[in-house]
Amino acid sequence: MTEWFGGYQNEIYLQGLGGTFPPCSTDATKLEESAREILGPGPFWYVAGSAGSGATARANREAFDRWRLVPRMLTGATERDLSATVLGTPVPAPVLLAPVGVQSIVHEGAEPAAARAAASVGLPYVMSTASSTSIEDVAEASGEGPRWFQLYWPTDNDVCASILARAKAAGFTTLVVTLDTWTLAWRPNDLDHAYLPFIKGEGLGVPLSDPVFRGLLEKTPEEDPPTAILRWISMITGTDSTWDRLPFLREHWDGPIVLKGIQHPDDARRAVDAGMDGIVVSNHGGRQVDGAVASLDALPEIVAAVGDRLEILFDSGIRTGADIAKALALGAKAVLVGRPWVYGLAHAGEAGVRHVLRSLLADLDLTMGLSGHRTLADLTPASLRHS
Ligand SMILES: Cc1cc2nc3c(=O)[nH]c(=O)nc-3n(C[C@H](O)[C@H](O)[C@H](O)COP(=O)(O)O)c2cc1C
Ligand SMILES: O=C(O)C(=O)c1ccccc1
């Protein structure tokens, strides 16, 4: 079924007639500004911050500005179909909620609130391994909504297998393996506030509810929290995996597998050789390698290298409908969005996330229509000029 996402614009104007307004801004920049007023400095910078000088986070945005849509007229784009199938998951529009850890930092409703909002719009929720709640709780909140699982890859194979089995049993269809964060980058904004969620014992919903992880501990996490926390941190950080470990994941996951954090065409080729189903071209929103290439600048080369051999998803820097259209025109099959919906969560929980998602989809829908694109297939490099 196709949905007319642009209709949210009328809905908002009509609300205004009755004196009601959206729960937070429809503009991503303003959302960040007002989130700063709501959240304390530690939580705000945890979300807004990035690695080092912030060069890559800025570059992510600047890259979008160098591409411009060239609108076409009289194409009959008054009715549009944004629907797609992404790695076997039918979606009303090719947009996913990027995995975001420790959402309890910004809102008490945390991951279940965001998962409910995603399900209500029909967009896939990608649950982070670093969630505040268990896999099963997020699955329940998702209801009928599509759900994918993001893995921070534990070095202990039994714990890894247990987590994957639980995710599968809870109805998560697609596995997203994040490769670019095997340790946290130098993040001055977090360091200045000495702010590390894990140390505060947050974001541990997955391991603390895992029987195999618990079985490794001499005392329960309830009796001895610091030991459990440190054991988990040492299991998912500090040790980079290598390509030869990927078959283990294939053995323990029978659905599609996506590698997140690919920025070099040769790594994209290796993902193909390893039999992966997809990649996310991403620099983790500029939070890992300061000075790294802008994600959008990395995209065309990767599409040229492997475009027809696996599904290419994209994230890092998406803030508007035009940004989504540009990434799709450059060859991404779908995009993930990070910070904007987290700010929605901070403002108004589930309703805030829903508002941000609906705003993005309405913006995308109207941008596509007014630039003469009726379907996603109409968005090609020819839709853009580099400026
Ligand atoms: C607060 C925060 C927490 C994040 N946590 C995770 C995570 O747990 N797992 C992961 O793969 N990516 C994580 N990311 C990265 C996002 O999935 C995504 O790659 C990034 O936010 C995209 O950039 P954007 O925020 O500019 O849209 C996190 C990002 C933010 C902002
Ligand atoms: O902050 C992040 O970017 C991130 O990926 C993460 C990792 C572990 C816990 C919380 C967030």
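Thresholds applied
- Residues numbered from 1 in each chain as written.
- Chains lettered and ligands numbered in written order.
- Predicted model: local features only at pLDDT ≥ 70, side-chain atom pairs only at ≥ 80, totals over all residues.
- Heavy atoms only, no water.
- Near = heavy atom within 4 Å.
- Polar contact = N/O pair within 3.5 Å; in protein donor to acceptor, adjacent residues only side chain to side chain.
- Areas by Shrake-Rupley, 256 points an atom, 1.4 Å probe, with all protein chains shown as cover.
- Nonpolar A, V, L, I, M, F, W, Y, C, P; charged D, E, K, R; others polar.
- Helix = DSSP H or I, 4+ residues; strand = E, 2+ residues; numbered from the N terminus.
- Contact = heavy atoms within 4.5 Å.
- Salt bridge = Lys/Arg side-chain N within 4 Å of Asp/Glu carboxyl O.
- Buried < 20%, exposed > 50% of the residue type's maximum accessible area, 1.4 Å probe, protein only.

Trainee: Could you clarify how one ought to interpret the site of ligand 1 in this entry?
Mentor: If you check the shell around ligand 1, you find 22 residues, and the closest are Pro99, Ser128, Thr178, Asp315 and Arg319. Contact distances for ligand 1 include 3.1 Å between a nitrogen atom and a side-chain N or O atom of tyrosine 152. Between an oxygen atom of ligand 1 and a main-chain N or O atom of glycine 338, the distance comes to 2.9 Å. Its free accessible area being 610 Å², ligand 1 has 98% of it covered by the protein chains. In terms of residue class, the shell around ligand 1 is made up of seven nonpolar, 10 polar and five charged.

Trainee: What is the right way to look at the environment of tryptophan 341 in this model?
Mentor: Secondary-structure assignment places tryptophan 341 in helix H16 (residues 339–370). Sequence-distant contacts of tryptophan 341, defined by excluding residues within four places in its chain, comprise Leu97, Ala98, Val100, Gln103, Ala114, Tyr125, Val353, Val356 and Leu357. In this structure the side chain of tryptophan 341 is engaged in a polar contact, spanning 2.8 Å, whose partner is the backbone oxygen of valine 337.

Trainee: Quick question: what am I supposed to make of the pattern of salt bridges here?
Mentor: Where charged atoms of side chains with opposite charge meet at close range, the side chains can pair. If you walk through the whole model with that rule in mind, you get 14 salt bridges. Linking aspartate 323 and arginine 61 is a salt bridge whose minimum nitrogen-to-oxygen distance equals 3.0 Å. Remark: arginine 61 occurs in helix H4 (residues 55–65) and aspartate 323 occurs in helix H15 (residues 321–329); sequence separation between them is 262 residues. With a relative accessible area of 3%, aspartate 323 lands in the buried category. The shortest N-O distance in the salt bridge between aspartate 297 and arginine 66 comes to 2.7 Å. Taken as a pair, aspartate 297 in helix H14 (residues 295–306) and arginine 66 in the loop between H4 and strand E1 (67–69) lie far apart in primary sequence, 231 residues in all.

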